[in-house]
Amino acid sequence: MSESPFSEVLRNATWGDHESAEDDSYLKALMAGQLSREAYGELIAQHYFAYVALDSASRSLADDPVAAPFVFPELYREEALIRDLETVYGAGWKSRIEPSKPTRTLVARINQVATWPGGYIAHHYTRYMGDLSGGQFIRMELQKIYGYQPGGGVDFYLFDEVGSLPRFKNEYRARLDALPVDEAEKQRIIRETKLAYLLNTEVLGELGRVVRAELAA
């Protein structure tokens with residue numbers, strides 16, 4: 001068994017993937033205030049499809065002894081994303097959005113591992129720990145750029161029901177460290193987490209088309 005806490009091993013094993021996920025033309029253009037609200041809505045839309053799948057997996061695994069410690073109803077994002085989509089696109093938002101090919105691949109993988117607690121944890125960790133960390137900087141910048149306030153626009157990034165984010169993240173890491181699985185399963189979780197980072201990076205990479213269309217207009 002590894003002497004280091006699993007949360008630390010997992011973080012170190014995926015750090016390079018995390019770094020590459022942050023090097024993205026769409027996010028750079030978004031953070032630079034170069035994109036329209038509708039172009040920002042493209043990101044919300046892709047999040048929507050992914051989180052409907054992820055939150056559905058959470059509900060289905062709520063009674064699983066391995067996965068249950070990572071099922072947090074206060075983290076569910078679907079309702080927040082709907083408010084954001086309504087703010088950007090209006091009441092007819094559903095007719096304005098569709099999953100990209102990389103998003104369909106990500107959703108298919110989340111659905112595929114929804115019966116495997118370790119796989120679920122890998123995707124949950126990849127998304128939510130990022131949302132609770134770097135996602136908070138993104139929220140603050142988006143509020144400055146677009147003037148959004150709580151109630152729609154950036155609600156995806158608001159986790160008021162969680163309370164202290166540092167305390168919650170520490171508790172999350174403690175639950176990773178306490179996972180009742182063997183070393184082989186931990187290695188499977190690490191591999192799936194790396195795949196989750198790759199799939200999420202491909203979703204962002206595909207949004208580069210939005211940047212090209214916006215800047216060419």
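Our structure's up above, just so we're on the same page.
This text gives an overview of the structure that appears in the document. (Residues numbered from 1 in each chain as written. Predicted model: local features only at pLDDT ≥ 70, side-chain atom pairs only at ≥ 80, totals over all residues. Heavy atoms only, no water.)

## Details of the nonpolar core
Counting 66 residues, the largest nonpolar core has Tyr26, Leu30, Tyr40, Tyr120, Leu176 and Leu179 as its most contacted members. Of all the elements, helix H3 (residues 37-60) adds the most residues to this core, at eleven residues. Residues contacting Leu176, with those up to four places away along its chain left out, are Phe6, Ser7, Leu10, Phe70, Ile121 and Tyr125. (Core = buried A, V, L, I, M, F, W, Y, C linked by side-chain atoms within 4.5 Å. Buried < 20%, exposed > 50% of the residue type's maximum accessible area, 1.4 Å probe, protein only. Helix = DSSP H or I, 4+ residues; strand = E, 2+ residues; numbered from the N terminus. Contact = heavy atoms within 4.5 Å.)

## Concerning the packing of H3 against helix H5 (residues 101-112)
Contact pair H3 / H5: the axes reach a minimum separation of 9 Å and the direction vectors enclose 10°. Judged on the interaxial angle alone, H5 and H3 are roughly parallel. Residues Gln46, Phe49, Ala50, Ala53 and Leu54 of H3 touch H5, and the partners they reach there are Thr103, Leu106, Val107, Ile110 and Asn111. Across the contact of H3 with H5, the residue classes tally to seven nonpolar, three polar and no charged. (Axes fitted to C-alpha atoms, helices over the stretch in contact; angles between N-to-C directions. Parallel < 35°, antiparallel > 145°, perpendicular 65-115°, else oblique. Nonpolar A, V, L, I, M, F, W, Y, C, P; charged D, E, K, R; others polar.)

## Some remarks on the packing of aromatic side chains
Tallied over the full model, the rule gives 13 aromatic pairs. Between Tyr40 and Tyr148, the ring centres sit 6.0 Å apart and the planes meet at 40°, which makes this aromatic pair tilted. Of the two residues, Tyr40 sits in helix H3 while Tyr148 sits in the loop between helix H7 (134-146) and helix H8 (165-177), which places them 108 residues apart along the sequence. A relative accessible area of 3% places Tyr148 in the buried class. Aromatic side chains Phe156 and Tyr157 sit 4.8 Å apart centroid to centroid with 80° between the ring planes, which places their arrangement in the edge-to-face category. Feature note: the residues Phe70, Phe72, Tyr125, Phe168 and Tyr172 constitute an aromatic cluster, connected by ring pairs. (Phe/Tyr/Trp six-rings, centres within 6.5 Å; stacked < 30°, edge-to-face > 60°.)

Any link to function would need more than the numbers given here.
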